[in-house]
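Each chain, written out:
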Amino acid sequence: MPSPAQTEAVQPNPVRYARQGRIGVITVDYPPVNAVGHGVRSGLVAALDAGLADAEAEALLLVCAGRTFMAGADIREFGKPSAPPTLPQVIARLDGSAKPVIAAIHGTALGGGLEVALACHVHVALRSARLGLPEVKLGLLPGAGGTQRLPRLVGAAKALDMILSGEPVGAEEALAIGLVDAVEDGNSPLEAGLRAAERLLAEGWTPQPASARTGRIAGTDPTLFTAMRAELTKRQPHLFSPHRIVDAVEAAVTLPFAEGTARERELFLACMDSPQRAGLIHAFFAEREVAKIPGLPAGTPTRDIRKAGVIGAGTMGGGIAMCFANAGIPVVLVDNAPDALDRGMAAIRRNYEATARKGRLTAAQVEDRMGLIHPTLSYGALADADLVVEAAFESMEVKRTIFRVLDGTCKPGAILATNTSTLDVDAIAAATGRPQDVLGMHFFSPANVMRLLEVVRGARTSHTVLATVMALARRIGKVGVTVGVCYGFVGNRILQQRGREAMALVGEGASPEQVDRVLTGFGFPLGHFAMTDLAGIDVGWRIGEERRKAGDPEAQTPSWLDVLAERGRYGQKTSAGVYRYEPGSRTPIPDPEVASVIGEDRRSRGITPRAVSDVEIRERCLYAMVNEAAKILEEGIAARPVDIDAIWLHGYGFPSWRGGLLFWADREGLGKIAAAVQRYHRDIGGPQWCPSALLLQRAADGQPIGC
Ligand code: 3HC
């Protein structure tokens, strides 16, 4: 091997080997996140061979270039045959290296990336680094020794906690639990790693690989695993991989390392074959895909958003203001009623303080965030805002008045957004002289929690404004999905179909509990009626009452749900709605009073209740959604199936392991869905069951509707 202190790289990208003094440096350079794909795996083996053959390299250092350490196996390779060297083979080589290997971690060491690091003999992390095994979020388990090495370093209980949650830990915590050996300041993993390597050599230390350590797993209480299995059965009844994770970690404490690793592999491959893995990986890419908007030219310039404004200090407006403050963006909160403003600010403070009580914010952070929200009665404070979101009462007249005022108040180039959930964004934009700067930002309640943001592109919204708001969505931690203008946009329009069927099914003889049981059995966290209780029955009832009073011919006659609202049963907030709730509890309990209101409603409509099967409930609730989603695609309200999938995943609790509404529809069988839609159209009728032409076409052609 060449002898100069700084050798030339002997490996081409994505992995290179070079020596610095007596340390052989292996650098992975595979943007954007150094995913451990085939090229990286082969490169690592070749670089390790070079380092071992380099007589002047006394220790080896593994670092990554760019913004992060390796962020895991290359997810794009999943489902395809794995070309050698496989990740476990690479990892076995590192583990068995005759020279000590130090991993210096920056950014995020995740999944297979952390497993590579764990196979190294010493682990050093920059203070800002985060380390985790998030495979469970993809329906997998760590399949390259992670379930065997992590318990040996941090103990079985902490390992289970990390692997089952998939949440990374910070460097400080990693040091405290024994996951890393040292935490270094600075921004350069290379410098930190070289320092650690020199220390190691100077101290003459021969580190023991994690695979050979048993101290932390000896004497593990076997009831840990029984208790965890029982908890999972209760907490995550649908999920496949968590139970296999418990099996794998149990193998780490009950079997010798080699046998435990073989068991982990078996369990990993079972997860890899599971449909849940395919669904969760679709959901992972869907979240990223929606940010790429068809037809928006690459490099579209964006505007700086340094100051925001929100109109309306109600629950929604307050939540939106918090989104900006959470991202460090100063925000002016405007309301025309002083008491509403005071109530809104008090609610925001209560919200932050509750988060602080859970340990997720410090008292200082609460004050910092409150300090970024400036309440005012004056629209004048919006003059220099870069973006204003209107979250006022849902009335076209009110909104158009506000937009006229904003047009006269805000500086040229300010973006004016409405949070309407139903109204025509183009009609609102037409109240201004700058429709190119107007669009919808449809947040979901509670706005500071829910990740979905429907970005409603008006007929005249400019590319720059759309690109700016999509980038802003990411900055404030939302999944922004671009949609077109129509009643209810995408999410609520589909929800309306499910709601209509749920109500009709109860009208015909099902109970709300039965409908909800079928939906939670499908994987929704809440059934339709439990969700109605959470959202509040009174909102829809009040809108309906206004319309009935105004003599609106399309206003529906009051339903049994309206009768509940008339009786003051608004849902969770009054401890009674479709269900009743014990004080302080969110568990829905069926209530005979509701059954009798429903019975009375059926009698008044002359309906004799019939037994409704679970299969019918499943089909009518879910297939009606698919049919509407197909119409939304036909009309171009959503540009791609993946947009609809992301909306229902992030705004409505669609089970992520099913991939998304249209991804699931293809697996359910489009032919089966199309036939059922046609049957319900014939038997039940109504525009909702009128089959989507796109759905029928794809079913007839045997083509998927999702992706
Ligand atoms: N494989 C392939 N591509 C990946 C990837 C991976 N593991 N991780 C991220 N990417 C891609 C993204 O799809 C995105 O591509 P795009 O620009 O074309 O849309 C790009 O890298 C950048 O990703 P993000 O937009 O997510 O960038 P962020 O900076 O917001 O986040 C991250 C970076 C925290 C690393 C995040 O991407 C992430 O969480 N990645 C997944 C990590 C993971 O789950 N790893 C485990 C994989 S499974 C495994 O390792 C199995 C093993 O045990 C055998």
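Note that the structure is predicted; figures quoted are calculated from it, not measured. (Residues numbered from 1 in each chain as written. Predicted model: local features only at pLDDT ≥ 70, side-chain atom pairs only at ≥ 80, totals over all residues. Heavy atoms only, no water.)

**Q** So what's going on with the nonpolar core? Which residues, and what values?
**A** In terms of nonpolar packing, the biggest core is built from 75 residues, with Val-515, Trp-560 and Ile-644 touching the most fellow members. In terms of residue count, the dominant contributor to this core is helix 24 (residues 614-634) (11 residues). Summarising the domain contributions, this core has at least three residues from each of domain 2 (308-483) and domain 3 (527-611). Discounting chain neighbours no more than four positions away, the residues touching Val-515 are Ala-502, Leu-505, Val-506, Ala-510, Phe-529, Ile-617 and Cys-621. (Core = buried A, V, L, I, M, F, W, Y, C linked by side-chain atoms within 4.5 Å. Buried < 20%, exposed > 50% of the residue type's maximum accessible area, 1.4 Å probe, protein only. Helix = DSSP H or I, 4+ residues; strand = E, 2+ residues; numbered from the N terminus. Domains from an automatic or database assignment. Contact = heavy atoms within 4.5 Å.)

**Q** Go over the side chain of Asp-601 with me, naming the residues and quoting the values.
**A** Within the secondary structure, Asp-601 is located in helix 23 (residues 592-604). Those residues in contact with Asp-601 that sit more than four places away from it in its chain are Ser-559 and Trp-560.

**Q** So, the confidence of the model for the protein: which residues are in play, and what are the values?
**A** Where the model shows low pLDDT, its predicted coordinates should not be examined in detail. Residues at a pLDDT of 70 or more form 98% of the protein, whose mean pLDDT is 95. In the predicted structure, residues 1-11 sits below a pLDDT of 50 and forms 27 contacts with residues beyond four places in sequence or in another chain. Of the two predicted TM-score estimates for the complex, the pTM is 0.92 and the ipTM is 0.98. (pLDDT = per-residue confidence, 0-100.)

**Q** Please give an account of the side chain of Thr-532 that cites residues and values.
**A** Tracing the sequence through the fold places Thr-532 in helix 20 (residues 528-535). For Thr-532, a relative accessible area of 16% gives the class buried. Excluding residues that lie within four positions of it along the chain, Thr-532 makes contacts with Ile-537 and Leu-561.

**Q** Tell me about the pattern of salt bridges, residues and numbers included.
**A** Summed over the entire model, instances satisfying the criterion amount to 55 salt bridges. Residues Arg-22 and Glu-58 are paired through a salt bridge, measuring 3.4 Å at the closest nitrogen-oxygen approach. Of this pair, Arg-22 sits in the loop between strand 1 (15-20) and strand 2 (23-28) while Glu-58 is found in the loop between helix 1 (38-53) and strand 3 (59-64), placing the two residues 36 residues apart along the sequence. The class for Arg-22 is partly exposed, based on a relative accessible area of 27%. One salt bridge connects Glu-545 with Arg-548, and the closest N-O pair in it is separated by 3.1 Å. Separated by 3 residues within a single helix, Glu-545 and Arg-548 lie in helix 21 (residues 537-549), roughly one turn from each other. By sharing partners, the salt bridges in this structure join Glu-501, Glu-508, Arg-610, Glu-616 and Arg-620 into a single network. (Salt bridge = Lys/Arg side-chain N within 4 Å of Asp/Glu carboxyl O.)

**Q** How would you explain unusual backbone geometry if you had to name every residue and give the values?
**A** Pro-84 connects to Pro-85 through a cis peptide bond whose omega is 0 degrees. Summarising the element assignment, Pro-85 is placed in the loop between strand 3 and helix 2 (87-95). Here Ser-445 and Pro-446 are connected by a cis peptide whose omega angle stands at -5 degrees. Tracing the sequence through the fold places Pro-446 in the loop between strand 15 (438-443) and strand 16 (452-456). If you check the backbone angles, Asn-34 has positive phi at about 55 degrees while not being a glycine. Structurally, Asn-34 can be placed in the loop between strand 2 and helix 1. By relative accessible area, Asn-34 is classed as buried at 1%. Its identity is not glycine, yet Phe-489 carries a phi of approximately 50 degrees, on the positive side. Tracing the chain through its elements places Phe-489 in the loop between strand 17 (479-483) and helix 18 (491-508). Residue classification places Phe-489 among the buried positions, given a relative accessible area of 0%.

**Q** Hey, could you go over the site of the ligand for me, with residue numbers and the actual values?
**A** The immediate surroundings of the ligand are formed by 27 residues, with Arg-67, Gly-112, Glu-115, Glu-135 and Arg-288 found nearest. Glu-115 has a polar side-chain atom sitting 2.7 Å from an oxygen atom of the ligand. Protein coverage of the free-state accessible area of the ligand, which is 990 Å², stands at 78%. Ranked by residue count, the leading element in the shell around the ligand is helix 11 (residues 275-289), at 3 residues. Tallied by class, the residues present in the shell around the ligand amount to 15 nonpolar, 4 polar and 8 charged. (Near = heavy atom within 4 Å. Polar contact = N/O pair within 3.5 Å; in protein donor to acceptor, adjacent residues only side chain to side chain. Areas by Shrake-Rupley, 256 points an atom, 1.4 Å probe, with all protein chains shown as cover. Nonpolar A, V, L, I, M, F, W, Y, C, P; charged D, E, K, R; others polar.)

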